[in-house]
Amino acid sequence: MQHKDINEDIRWAQINKDVLRSMENPRKAYWISVGICLALLSLAVIAEIYQYNVGLGPTNLNWPHMWGLYIATFIFWIGMSHSGTLLSAILHIIHADWRKPIYRFAEAMTTFTLMTAGLFPIIHLGRVWNMYWVLPYYSDRGIWPNFRSPLVWDAFAISTYLTSSALFLFIGMIPDLAICRDNTRGWKKKLYTVLSLGWRGDDRQWRNFRKTYLIMACFLIPLAVSVHSIVSSDFAMSIMPGWHVTTFPPYFVAGALYSGCAGIITLFILLRYFFRFEQYMTLPILEKTCKLTFAIAMVWTYLNLIEYSSVWYGHDTVAKELLIDKFTGPYSPYFWAMNILGSVLPFTLAFEKLRRHIPTMFAVSILLNVGMWLERWMIVSPTLAMSYEPFTHTVMWASWVQWFIVIGSFGWFGLLFLVFVKIFPSVSMYEVKEMIFHRRHLANKDIAAVMHRRSSDPQPSEGH
Amino acid sequence: MKKYHLLGLFSNFDEAFAAISDIRHHKIPGVQLEDVTVISPIEHPEIDEVLGARPSHVPKFTLVGSLFGMSAGFLFLATAQANFAVQPQGGKPVIPLPSNIVLSYEMLILFGVLFTLTGFLLGARLLRKRKPLYSEKVSLDQVGIEMELEEKYIEPVKALFRQHQVIEIREEVVK
Amino acid sequence: MSLQNILQDWSKYRKGNEEGGFHDYEHLWGLAIDLNKCIGCNACSVACYAENNLAVVGKDKFAKHQEMHWLRVERYWDEPDLGEQAVSDYQSHGASFLPMMCQQCMAATCEPVCPVAATYHTPDGLNAQVYNRCIGSRYCSNNCPYRLRYFNFYSYYEDSWPAPLNMQLNPDLTVRDKGVMEKCTFCVQRIRAAKDVAKHEHRELQDGEFTTACAQTCPTQAIVFGDLLSLHTAGKAESTLSTLWRDQQVELGRTEQHKQNPDKRGYRVLEGLNTDPKVMYLERVREV
């Protein structure tokens, strides 16, 4: 059984070769995946064209249910986007080097899930063609967006997060793009020459790179937390029972990290299988990711129980009625499914045998995300169904238009990701080299003693 | 006097480290440490030990960017709201502090990130024409020491490189 | 210029509802509805449809809750005091009616959540909706505890008024297209017209000079429309409505009313949420 995160004897040339190989000559499976994604995406396009022309009526949204699956799926995708930040930025800061082989695709996932999530608030607008009114641009008529609205905060937060995480992904990729530049020909070489910005790996570049990367990581962590807090403000800032909950910001952040981690496991397994990255995406790293997911799942469960109990023992009768309706009402099957998938299923991650069984982990990671999607839906819909005005209590089931767009978003994300893995290295080559280098030197204590000092540390005897 | 660029490629970091260490200890009189540039496939923070602390100005850019983002963000919001005074809403003040703090915070991060990027591009001297003396092996697994030298130092430096098992030496005249 | 503007008027810009708000109010339009008098005939709702060009959506869309009734008469069948008798469909045996229109809250929850500032508080104390600015994010409707905002899910006008019914549309206001939110305006076109007439005749607006379509139509005169400004700002002229509010010991700006006389029936719906609504209901009294 493999215990080491990575084989330290792997040759550096082999790393370059393996990763560069993954970027060329798409095989049949790749084109089939692209086809499936395009098919899913076209469903969404059809539904959106129909909705654009007719109005939002065919979605089955109605006056108590002004929001539905669009907003639920929006939160779901925003949640997924927190994976990259967690895995990359936090683990970078705490010097957990096992992130190095797997952080690249997690960051790509962050960027692409944000690009998917950002579409939903736009799609759900009644007058999509006026969506730019949310942006703060100068107008002769002195009209500004309403900066009090959490939806405007969303626009600010998501655009900041998208910019920052895309830059984080890109900056972390520059040394790898230089490797690509040195190993390709033709139009690809031209592309990578431009993208690598003239990187040659000299000490000045590395020194600035190190600082920049650390600063970006430090920015991304509070940013990610603020983004999902702001998304939770869409609900927490409202006055509705079941939305007006103080614990929503941490609850949303925990849920986001949870679904993001589960998403990482899914993509980890897919990449490992299709690109034969067994050397880099090893079982011990998968295990570590699973343990992390388990820990976050328990945090999420705790916050979930806190929410139930604070409502149950509180004096807000309307909120309590809503909670009872969630337990027993028309949405209860989905509510219980969410609780079981979100809180019980993660216990499979606690067993080493199961953690090392890849098909099980693949199924579990997908089911966890199904649970997290249900969670978001269970936040949005029951409140709209059961709020203050008893006359408006009604249940809404989404029509095909909503479902097509929700399903299509997975196709859109898949398409972006598939394009990414063929153009950009999905395993960080230079950082795997770093990981191997430092682990080998750590194994040798004498060298480690010299290597892991900074220039500012007191100098040992100058004889070397 | 003619000046030369010299690039020595080493198979591993320890050799290159030792070579620079020799230059640091003035094994070749007249060759300055400032003339040395190390090019490597991975990041070597420990290189500072022999190269000496070379400054990076990126954090200053970050600080300026963040402060600018925060203050300009708040002023922008407050002026926009004050000029759009037809808009009292929900019994809330025209300039509400809680939401402006949230948005100023986002602006702090956005401008912090953008300025950091600018600082990185300038500090790392990216987006310029690359020096022609470069080996593709560096992006693979070899460590290179690049030096800008006067003609008389070329032979002693080459000898020093060979002493440390250099694999390949390239040189060219500075135009 | 802008900076100067901020520094000079800072304290004014920082005034919330609790400190009297930003506006020097000209009027505070409000309503009082006596549920004892309400017979649930829905005439107010019909009048509202006629006055405000509300789309008639048809059976299917009504069943899907996509209707546009700015004023709806809510029906409840479970009067708790009646116990076992509360099975009948008759008003005297358990049915009760609650006409609900926009409560024109002083601290409206729908306003601050609109991303494009399409809804705001006017110097008349109304909660205005700017159709042209609305992009249809529908957050306002979600955040209205009364659920009194309606959305154009379709371009209803295309088949709501087949010719010659289009001739009956009120020319004083627009017909809304798909994708915008709309709600009760307290017949803002009537308010506008009355104000214009008063200004033309160089006089103040008189109490009772005009009224909303619902109040005008109510056969039992359960709905009273008027100006509440004297409840908000001292020294303003009393109106029939503000006298009624005072008589019922209902005050603006409270989350709970402290009444000297508990027999007074006036209350505001969900005022505990601090929305500060401007519609007062008079509780229904029933013989048990």
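It should be emphasised that the depicted structure is a prediction, and the values quoted were computed from it without experimental measurement. (Residues numbered from 1 in each chain as written. Chains lettered and ligands numbered in written order. Predicted model: local features only at pLDDT ≥ 70, side-chain atom pairs only at ≥ 80, totals over all residues. Heavy atoms only, no water.)

Student: Explain the overall build of chain C to me, using residue names and the numbers behind them.
Tutor: Looking only at helices and strands, chain C has nine helices and ten strands in total. By principal-axis analysis of the C-alpha atoms, chain C measures approximately 70 × 55 × 40 Å. In chain C, which comprises 288 residues, the share counted as buried stands at 57%. In chain C, the proportion of contacts linking residues at least 24 apart, taken out of those at least 6 apart, comes to 63%. When the accessible surface of chain C is split by element, carbon and sulfur atoms take 52% of a total near 13,200 Å². Between the centroid of the 31 positive side chains of chain C and the centroid of its 37 negative side chains there is a distance of 4 Å. (Helix = DSSP H or I, 4+ residues; strand = E, 2+ residues; numbered from the N terminus. Buried < 20%, exposed > 50% of the residue type's maximum accessible area, 1.4 Å probe, protein only. Contact = heavy atoms within 4.5 Å. Areas by Shrake-Rupley, 256 points an atom, 1.4 Å probe, with all protein chains shown as cover. Lys, Arg positive; Asp, Glu negative; His and termini not counted. Charge placed at Lys NZ, Arg CZ, Asp CG, Glu CD.)

Student: An account of the interface of chain A and chain B is requested, with residue identities and associated values reported.
Tutor: On the side of chain B, 71 residues touch chain A, which itself brings 60 residues to the contact. Buried area between chain A and chain B, both sides added, is near 6,100 Å², and the carbon and sulfur share of it is 63%. Linking chain A with chain B are four salt bridges. In this structure, A:Arg200 engages B:Glu146 in a salt bridge whose closest nitrogen and oxygen atoms are separated by 2.5 Å. For the pair chain A and chain B, the number of links is 20 residue pairs in polar contact (both at pLDDT 80 or more). Going through the elements one at a time, α1 (12-22), α7 (150-183), α8 (186-195), α9 (203-236), α17 (429-443) and α18 (445-451) of chain A are the ones with two or more residues in the side of chain A that touches chain B. When residues in the side of chain A that touches chain B are grouped by element, the largest group, 17 residues, is from α9(A). (Buried area = accessible area lost by both parts, 1.4 Å probe. Salt bridge = Lys/Arg side-chain N within 4 Å of Asp/Glu carboxyl O. Polar contact = N/O pair within 3.5 Å; in protein donor to acceptor, adjacent residues only side chain to side chain.)

Student: Describe the pattern of salt bridges, listing the residues and the values that go with them.
Tutor: Residues and elements named next belong to chain A. In the structure shown here, the tally under the stated rule is 36 salt bridges over all chains. Glu-287 is the partner of Arg-355 in a salt bridge, and the nearest nitrogen-oxygen pair spans 2.8 Å. Of this pair, Arg-355 sits in helix α14 (residues 352-355) while Glu-287 sits in helix α11 (residues 283-313), placing them 68 residues apart in sequence. In this structure Glu-287 comes out as buried when scored by relative accessible area, which is 7%. In this structure, Glu-352 and Arg-356 form a salt bridge, with 3.6 Å as the shortest nitrogen-oxygen distance. Residue Glu-352 is classed as partly exposed on the basis of its relative accessible area of 38%. A relative accessible area of 14% places Arg-356 in the buried class.

Student: Break down the nonpolar core for me, with residues and values.
Tutor: The biggest cluster of nonpolar side chains holds 259 residues, and the ones touching the most others in it are A:Phe235 and C:Phe186. The residues that make up this core include at least three from each of domain 1 (3-54 + 131-173) and domain 2 (58-123) of chain B. Counting residues in each nonpolar core, the second largest holds 13 residues, with C:Tyr25, C:Leu28, C:Met106 and C:Leu282 among its members. (Core = buried A, V, L, I, M, F, W, Y, C linked by side-chain atoms within 4.5 Å. Domains from an automatic or database assignment.)

Student: Could you give an account of the interface of chain A and chain C, naming the residues involved and the relevant values?
Tutor: If you look at the interface, chain A gives 47 residues, while chain C gives 49 residues. With both sides pooled, the region where chain A packs onto chain C buries about 3,900 Å², and carbon together with sulfur makes up 59% of that total. Remark: the boundary between chain A and chain C carries zero salt bridges. Seen at the junction of chain A and chain C, the total is 30 residue pairs in polar contact (both at pLDDT 80 or more).

Student: Go over the confidence of the model for chain C with me, naming the residues and quoting the values.
Tutor: Caution applies to low-pLDDT parts of the model: their predicted coordinates are not meant to be read in detail. Per-residue confidence for chain C gives a mean pLDDT of 88; residues scoring 70 or more make up 93%. Reported confidence for the predicted complex is 0.91 by ipTM and 0.92 by pTM. (pLDDT = per-residue confidence, 0-100.)

Student: Describe in detail the pairing of strand β1 (residues 3-10) of chain B, supporting the description with residues and values.
Tutor: Residue and element names in this part refer to chain B. By the criterion of burial, β1 is predominantly enclosed, with seven of the eight residues buried. Bridge analysis of β1 against strand β3 (residues 143-150) gives eight bridges, and the strand direction is antiparallel. In the strand pairing of β3, His-5 is matched with Glu-148. (Pairing = 2+ DSSP bridges.)

Student: So what's going on with the sheet that holds strand β9 (residues 266-267) of chain C? Residues and values would help.
Tutor: With mixed pairing, the four strands of this open sheet are ordered in space as β8-β1-β10-β9 (chain C). With partners counted over all chains shown, the strands left at the sheet margins are β8 (223-227) and β9 of chain C, one partner each.

Student: Quick one: what's the story with the sheet that holds β3(B), residue by residue and with numbers?
Tutor: Residue and element names in this part refer to chain B. In spatial order, the strands read β2-β3-β1-β4; together these four strands make up an open sheet with antiparallel pairing. The sheet is open, and its two borders are formed by β2 (36-39) and β4 (166-173), each paired with just one other strand. Within the sheet, the average angular offset between the axes of one strand and its neighbour, ignoring direction, is 20°. Strand direction decides the pairing type here: β1 and β4, joined by seven bridges, are antiparallel. Within β4, the residue paired with Phe-10 across the bridge is Val-166. Its contacts with the sheet put helix α1 (residues 13-24) on β1, β2 and β3, and the angle it makes with β3 is roughly 25°. (Axes fitted to C-alpha atoms, helices over the stretch in contact; angles between N-to-C directions.)

Student: Tell me about helix α5 (residues 154-163) of chain B, and name the residues and values.
Tutor: Residue and element names in this part refer to chain B. Considered for burial, the residues of α5 that qualify are Ile-154, Val-157, Lys-158, Leu-160 and Phe-161. An end-on view of α5 places all buried positions within 160° of arc, on one side of the element. Exposed residues pointing more than 90 degrees away from the buried face of α5 are listed as Arg-162 and Gln-163. Residues of α5 that are buried make contact with β1, α1, β3 and β4. One or two steps after α5, the chain reaches Gln-165, where phi turns positive at roughly 55°. (Arc of directions from axis to C-beta.)

Student: Give a description of unusual backbone geometry that names residues and reports values.
Tutor: For residues besides glycine, phi is generally negative; the peptide bonds are generally trans as well. Residues and elements named next belong to chain C. The step from Ala-163 to Pro-164 runs through a cis peptide bond, and the omega angle for that step is 5°. Inspection of the secondary structure puts Pro-164 in the loop between α5 (157-160) and β7 (181-183). In this structure, Gln-104 is a non-glycine residue whose phi angle is positive, near 45°. Examined against the element boundaries, Gln-104 turns out to sit in the loop between β3 (96-100) and β4 (119-121).

Student: How would you explain the packing of aromatic side chains if you had to name every residue and give the values?
Tutor: The geometry of an aromatic ring pair is captured by the separation of the ring centres together with the interplanar angle, meaning the angle of the planes. A complete count under the given rule lists 67 aromatic pairs over all chains for this structure. Measuring from ring centre to ring centre gives 5.7 Å for A:Trp206 and A:Tyr430, while their planes differ by 45°; the resulting arrangement is tilted. Of this pair, A:Trp206 sits in helix α9 while A:Tyr430 sits in helix α17; the two residues are 224 residues apart in sequence, bridging distant segments of the chain. Taken as a pair, A:Trp206 and A:Tyr430 share a single burial class, namely buried. Each ring, one from A:Trp373 and one from A:Trp377, has its centre 5.9 Å from the other, and the planes form 35°; the classification is tilted. In this pair, A:Trp373 and A:Trp377 are both assigned in helix α15 (residues 358-385), four residues apart and thus about one turn of the helix distant. Just as A:Trp373 is buried, A:Trp377 falls in that class too. Here the aromatic residues A:Trp67, A:Phe235, A:Trp243, A:Phe248, A:Tyr251, A:Phe252, A:Tyr258, A:Trp300 and C:Tyr139 are joined through ring pairs into a cluster of three or more. A cation over a ring is seen here: A:Arg99 above A:Tyr103, with NZ or CZ 4.4 Å from the ring centre. (Phe/Tyr/Trp six-rings, centres within 6.5 Å; stacked < 30°, edge-to-face > 60°. Lys NZ or Arg CZ within 6 Å of the ring centre and 35° of its normal.)

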